[in-house]
Amino acid sequence: MNPKAALRADVLRARAALGGYLREQADREIAARFLALEVFKHARTVLFYASYRGEVATQPLVKTALAAGKRTALPRVDRQRLAMDACLISAWDDLQPGAYGILEPPASSLVLAADGIDLIVVPGVAFDATGARVGYGAGYYDRYLARTGGCRAALAYELQVVASVPAGPYDALMDYIITERRAIACRA
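Attention in this report is confined to the structure presented alongside it. Quantities reported herein were computed from a predicted structural model and do not represent experimental measurements.

1. Let's talk about the overall build of the protein chain
Inference 1: The secondary structure content of the protein chain amounts to 5 helices and 12 strands.
Inference 2: Whereas a compact globule of 188 residues would reach a radius of gyration of roughly 16 Å, the protein chain reaches 15 Å, a difference of no more than 12%.
Inference 3: For the protein chain, the spread of C-alpha atoms along the three principal axes comes to 40 × 35 × 30 Å.
Inference 4: Taking all 188 residues of the protein chain together, the buried fraction comes to 48%.
Inference 5: For the protein chain, contacts bridging at least 24 residues in sequence account for 67% of all contacts bridging at least 6.
Inference 6: Counting every atom, the protein chain has about 9000 Å² of accessible surface; 54% of that belongs to carbon and sulfur.
Inference 7: Distance from the positive charge centre (23 side chains) to the negative charge centre (19 side chains) of the protein chain: 2 Å.

2. Comments concerning the pairing of strand β7 (residues 119-122)
Inference 1: The alternating pattern of β7 places Leu 119 and Val 121 and Ile 120 and Val 122 on opposite faces, both of which are buried.
Inference 2: Bridge count between strand β1 (residues 45-47) and β7: 2 bridges; the pairing is parallel. Counterpart to Val 46 in the pairing with β7 is Leu 119.
Inference 3: By the bridge criterion, 4 bridges tie β7 to strand β10 (residues 151-155) in an arrangement that is parallel. Counted as the bridge partner of Leu 119 is Cys 151 from β10.

3. Here we look at the pattern of salt bridges
Inference 1: Summed over the entire model, instances satisfying the criterion amount to 8 salt bridges.
Inference 2: A salt bridge links Glu 38 to Lys 41, with the shortest nitrogen-to-oxygen separation between them at 3.5 Å. Taken as a pair, Glu 38 and Lys 41 lie in helix α3 (residues 38-42) at a separation of 3 residues, close to a single helical turn.
Inference 3: Of the residues examined, Glu 38 reaches a relative accessible area of 45% and is grouped as partly exposed.
Inference 4: According to the relative accessible area criterion, Lys 41 is partly exposed, its value standing at 47%.
Inference 5: Of the charged contacts, one joins Arg 182 and Glu 158 as a salt bridge, the two residues approaching to 2.7 Å between their closest N and O atoms. With Arg 182 in the loop between β11 (176-178) and β12 (183-185) and Glu 158 in the loop between β10 and β11, this residue pair connects regions lying 24 residues apart in the sequence.
Inference 6: Assessed through its relative accessible area of 34%, Arg 182 is described here as partly exposed.
Inference 7: By relative accessible area, which is 12% here, Glu 158 ends up buried.
Inference 8: The structure contains a network of salt bridges with shared partners spanning Asp 78, Arg 81 and Asp 85.

4. Regarding the environment of Cys 186
Inference 1: Tracing the backbone through its elements, the reader meets Cys 186 in the segment after β12.
Inference 2: The exposure class of Cys 186 is buried, given its relative accessible area of 17%.
Inference 3: Each C-alpha atom of the pair Cys 186 and Asp 128 lies 8.8 Å from the other, and the pair is 58 residues apart in sequence.

What counts and what doesn't
Residues numbered from 1 in each chain as written. Predicted model: local features only at pLDDT ≥ 70, side-chain atom pairs only at ≥ 80, totals over all residues. Heavy atoms only, no water. Helix = DSSP H or I, 4+ residues; strand = E, 2+ residues; numbered from the N terminus. Rg over C-alpha atoms; globule rule 2.2 N^0.38 Å. Buried < 20%, exposed > 50% of the residue type's maximum accessible area, 1.4 Å probe, protein only. Contact = heavy atoms within 4.5 Å. Areas by Shrake-Rupley, 256 points an atom, 1.4 Å probe, with all protein chains shown as cover. Lys, Arg positive; Asp, Glu negative; His and termini not counted. Charge placed at Lys NZ, Arg CZ, Asp CG, Glu CD. Pairing = 2+ DSSP bridges. Salt bridge = Lys/Arg side-chain N within 4 Å of Asp/Glu carboxyl O.

Have a look at this one:
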């Protein structure tokens, strides 16, 4: 097994074992740290993801951004193009199951230009303090992030932050990693 695959398997196993109450408490602490970031406060347009399979809960953050009047988008994946687009939403309830069973905006949603997004909230499996990230292996976010200059913030449980992540030349780095214990400024 290659180093990324081994790390991915280990961290996913640990994340899956995080208990209900501890997970809910960590989600609240991560949300509070994220909402306190100056980059979030000043962002006009934010790309979130719909949390899936034990990821940090994003629904409350999306609803907060919408209530604050921020242009709020979520990814829509096109498996044929091996690409994703940021699509504007007006309510969480507009989302529907899409690629991989993850909630995403409907096909009729307005696609935003990648260079018009101020803050991109990035999912992942493992991170290190330099901003390196191991995702789920398909490369959608790395390809998307190569097209944008927006600030990149990852939401993660502390157990997902490891000493070192094997990163290649095409792996996008994070600017911030927000956990229940800290906000790591990686490149900011």
